[in-house]
Amino acid sequence: MSKPEGSPAPELGHLFRRESGRLVSALTRVFGVHNLELAEDVVQDALCRALELWKLRGFPDDPAAWLLVSARNRAVDVLRRERRTRVFAPELTQLIQSEWTLVPALSEMFQDEMIRDDQLRMMFSCCHPKLSDSASVALMLSLLCGFSVQEVAAAFLAEPASIEKRIVRAKGRIAASGRLYELRGTSDLKARLARVLRALYLLFNEGYHGSHSIRTVREELCEEAIRLCTMLAEHPSTNSPEVLALLALMYLNAARLPGRINQTGELMPLNEQDRGSWNSEFVQRGINLLNASASGDFVTPFHVEAAIAAEHATSPSLAGTNWTRIVEHYDILLKLRPTPVVALNRAIAIGQEQGPERGLAELAELGQDAHLARYPFFEAAFGELELRAGRAAVAQSHFERAAARARGMDERRFFLGRAAVCAGEQV
Amino acid sequence: MSDFMYLFRGGMNQSSPEEMQKNMQKWMGWMKELSAKGHFKAGEPLEAGGRTLKGKNKVVTDGPFTESKDLVGGYLVVTAGSLDQATELAKGCPIFEYDGTVEVRPLMLMQQP
């Protein structure tokens, strides 16, 4: 033997992460949710074994299939060893007691289609009504995306200890819930789906708007949100116009991520973004999804947000943007979701459509909101419009106030950069 | 040219799936390099556990069950010009990033030095 055996290196992507999510979901159904931790341990074992073996022997033909068989065999071992002493999934009690049915039952449960369902059931379980949206997001990253506590904490720029506490508590909640969420014939499916969508929206926005300075981290979060949302869109039980609209929104925004953040993680203002760097394939996918999402007879905030994102993504330039239509969309969005941030974005759009003075008047009307007063982009919006109105000194002081309210180094640097531009205008 | 055995211990810190995958890919890169330069001869990972036989009475015990950092997890046989070269080559092993060790041992040969 002169070189390691095994197949040539396949494109792995995030194979271990993906398979971890799939296998934890499948094993949780086999073992029962109360044995969630056992499911995670078995998956960890299977991955460790793959690492030990593959690093010296090279890849098997189908690494994903290898991992699945490895996890399944481990599950059979565990069930054999502990079926008399431990309680597993109630619906499997009969099947696992007999050698005649144990292995066939397990093979059946590890079919792709079954695992796909298990992942969705896990996703819905993660969005238990007793959990906060941010706890649901952390849990989804942990259980469905194979993120470690450290990785979740790093993604959210949070303390690992507090994230760990949050995840452990949330897992305890799921483990105590009796069984994985049932997708078919469940009366509260709609309400639970709304929670799932909110969590995915939050996950995506953490990547898109979050204050993380490493672009790959942001892209990964957006990518995971898209992956999970795609699973909803592809499943007959959860496919709905609202899901398609959210997925459209994700693609249309993700398309612009490369222009929004430069390589060093700095935020770029819209007028300085290189529109050529936007991902045209994602834009097209987003537009197609948005069209497909129009089949329902109701409009959700995701539809309107996606429509706004589509306007931006398909405009040739800032000046060539159809601001009138964007303002119309914001009018609708403000009715559906009357939040200060939506009102702020509407005012900015009005400033683009009707000139800076009109925009400033709109902003001034919002000035009383305490939430906005702390929001750095509120001050920055004043700054941009004052600058366009030719009052660079006023604009500069707005940007400096925005910098003082910044929530991270990147934001701070961005606002100080804008303030410096204003200073340059005054010379 | 002589043959050397690398004995690997540790380097299996419990980590996230993503880190494990990166760890594995680094190993594969290193192995590919050894192989491309004609150093690689053989190598296998070892299961944990097994049996140990000891003494005149051939007493059989399960194990070794030592701590995983002390347990030989696998070996490689490489061809190199000298112990120094074999040691240099071993420095490329990713195991050091994961708190593991490599023991480099020359294989004894029948021919007289």
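Residues numbered from 1 in each chain as written. Chains lettered and ligands numbered in written order. Predicted model: local features only at pLDDT ≥ 70, side-chain atom pairs only at ≥ 80, totals over all residues. Heavy atoms only, no water.

Engineer: Please explain the overall build of chain B as it appears in this structure.
Structural biologist: Of the regular secondary structure elements, chain B holds two helices and six strands. Secondary structure elements of chain B, listed N to C terminal, follow the sequence β-α-β-β-β-β-α-β. Counting only C-alpha atoms and orienting by the principal axes, one finds that chain B spans roughly 50 × 45 × 20 Å. For chain B, with 113 residues in total, the buried portion stands at 37%. For chain B, contacts bridging at least 24 residues in sequence account for 77% of all contacts bridging at least 6. Of the roughly 7100 Å² of accessible surface on chain B, 55% is carried by carbon and sulfur atoms. (Helix = DSSP H or I, 4+ residues; strand = E, 2+ residues; numbered from the N terminus. Buried < 20%, exposed > 50% of the residue type's maximum accessible area, 1.4 Å probe, protein only. Contact = heavy atoms within 4.5 Å. Areas by Shrake-Rupley, 256 points an atom, 1.4 Å probe, with all protein chains shown as cover.)

Engineer: I would appreciate a short explanation of the packing of helix 1 (residues 15-31) of chain A against helix 1 (residues 17-36) of chain B in the present structure.
Structural biologist: A packed helix pair is summarised by two numbers, namely the angle formed by the two axes and the spacing between the axes. Contact geometry for helix 1 of chain A and helix 1 of chain B: axes closest at 7 Å, N-to-C directions at 140 degrees. One way to sum up the angle between helix 1 of chain A and helix 1 of chain B is to call them oblique. Considering the relative orientation of helix 1 of chain A and helix 1 of chain B, their crossing is right-handed. Across the interface between the two elements, Leu15, Phe16, Arg17 and Ser20 of chain A of helix 1 of chain A pack against Pro17, Glu18, Met20, Gln21 and Met24 of chain B of helix 1 of chain B. Split into classes, the residues belonging to the contact of helix 1 of chain A with helix 1 of chain B amount to five nonpolar, two polar and two charged. (Axes fitted to C-alpha atoms, helices over the stretch in contact; angles between N-to-C directions. Parallel < 35°, antiparallel > 145°, perpendicular 65-115°, else oblique. Left-handed = near helix turned anticlockwise from the far one by under 90°. Nonpolar A, V, L, I, M, F, W, Y, C, P; charged D, E, K, R; others polar.)

Engineer: Help me out: how do you make sense of the sheet that holds strand 6 (residues 100-106) of chain B in this one?
Structural biologist: Two orientations exist for strands paired in a sheet by backbone hydrogen bonds: parallel and antiparallel. Residues and elements named next belong to chain B. Across the sheet, four strands lie side by side as 2-5-1-6; this open sheet has antiparallel pairing. Taken across any chain shown, the strands that pair with only one partner, and hence form the sheet edges, are strand 2 (40-45) and strand 6. Within this sheet the neighbouring strands show an average axis-to-axis angle of 15 degrees, counted without direction. With five bridges joining them, strand 2 and strand 5 (residues 72-80) adopt antiparallel strand pairing. Residue pairing in the sheet places proline 45 in a bridge with glycine 74 of strand 5. Relative to the sheet, helix 1 contacts strand 1 (2-10), strand 2 and strand 5, its axis offset from that of strand 5 by approximately 25 degrees. (Pairing = 2+ DSSP bridges.)

Engineer: I tried to follow the interface of chain A and chain B on my own but got confused; where do I start?
Structural biologist: Reports of interface size often rely on the accessible area that becomes lost once the parts have come together. The interface of chain A with chain B comprises 28 residues on the first partner and 28 residues on the second. Roughly 2500 Å² is buried in total at the junction of chain A and chain B, and carbon and sulfur atoms are behind 63% of that figure. On the surface where chain A and chain B come into contact, there are three salt bridges. For glutamate 18 of chain B, the salt bridge identified is with arginine 17 of chain A, shortest N-O distance 3.4 Å. (Buried area = accessible area lost by both parts, 1.4 Å probe. Salt bridge = Lys/Arg side-chain N within 4 Å of Asp/Glu carboxyl O.)

Engineer: How should I be thinking about the pairing of strand 5 of chain B in this particular structure?
Structural biologist: Regular strands place their side chains on alternate faces of the sheet. Sheet topology places strand 1 of chain B next to strand 5 of chain B; eight bridges connect them, and they run antiparallel. In the strand pairing of strand 5 of chain B, serine 2 of chain B is matched with alanine 80 of chain B.

Engineer: Before we go on, may I ask you to explain the pattern of salt bridges in this structure?
Structural biologist: Opposite charge on two side chains allows them to pair when their charged atoms are near. Residues and elements named next belong to chain A. Counted under the stated rule, the structure contains 42 salt bridges over all chains. The partner of glutamate 305 in a salt bridge is arginine 337, and the shortest N-O contact between them spans 2.8 Å. Remark: arginine 337 occurs in the loop between helix 16 (323-336) and helix 17 (340-354) and glutamate 305 occurs in helix 15 (residues 301-314); sequence separation between them is 32 residues. With relative accessibility at 16%, the residue glutamate 305 sits in the buried group. One salt bridge connects glutamate 386 with arginine 391, and the closest N-O pair in it is separated by 2.5 Å.

Engineer: Is there a simple way to explain the nonpolar core in this structure?
Structural biologist: Note that soluble globular proteins tend to have their nonpolar side chains buried in a common cluster. Among the nonpolar cores identified, the biggest contains 123 residues, and Phe31, Phe110, Met123, Leu200 and Leu232 of chain A are the most heavily contacted of them. Apart from the residues within four sequence positions on either side, leucine 200 of chain A is in contact with Met123, Met140, Ala225, Leu228, Cys229, Leu232, Leu246 and Met250 of chain A. By size, the runner-up hydrophobic cluster in this structure holds 18 residues, among which are Trp30, Leu34, Leu76 and Val102 of chain B. (Core = buried A, V, L, I, M, F, W, Y, C linked by side-chain atoms within 4.5 Å.)

Keep in mind these values describe shape, not function.
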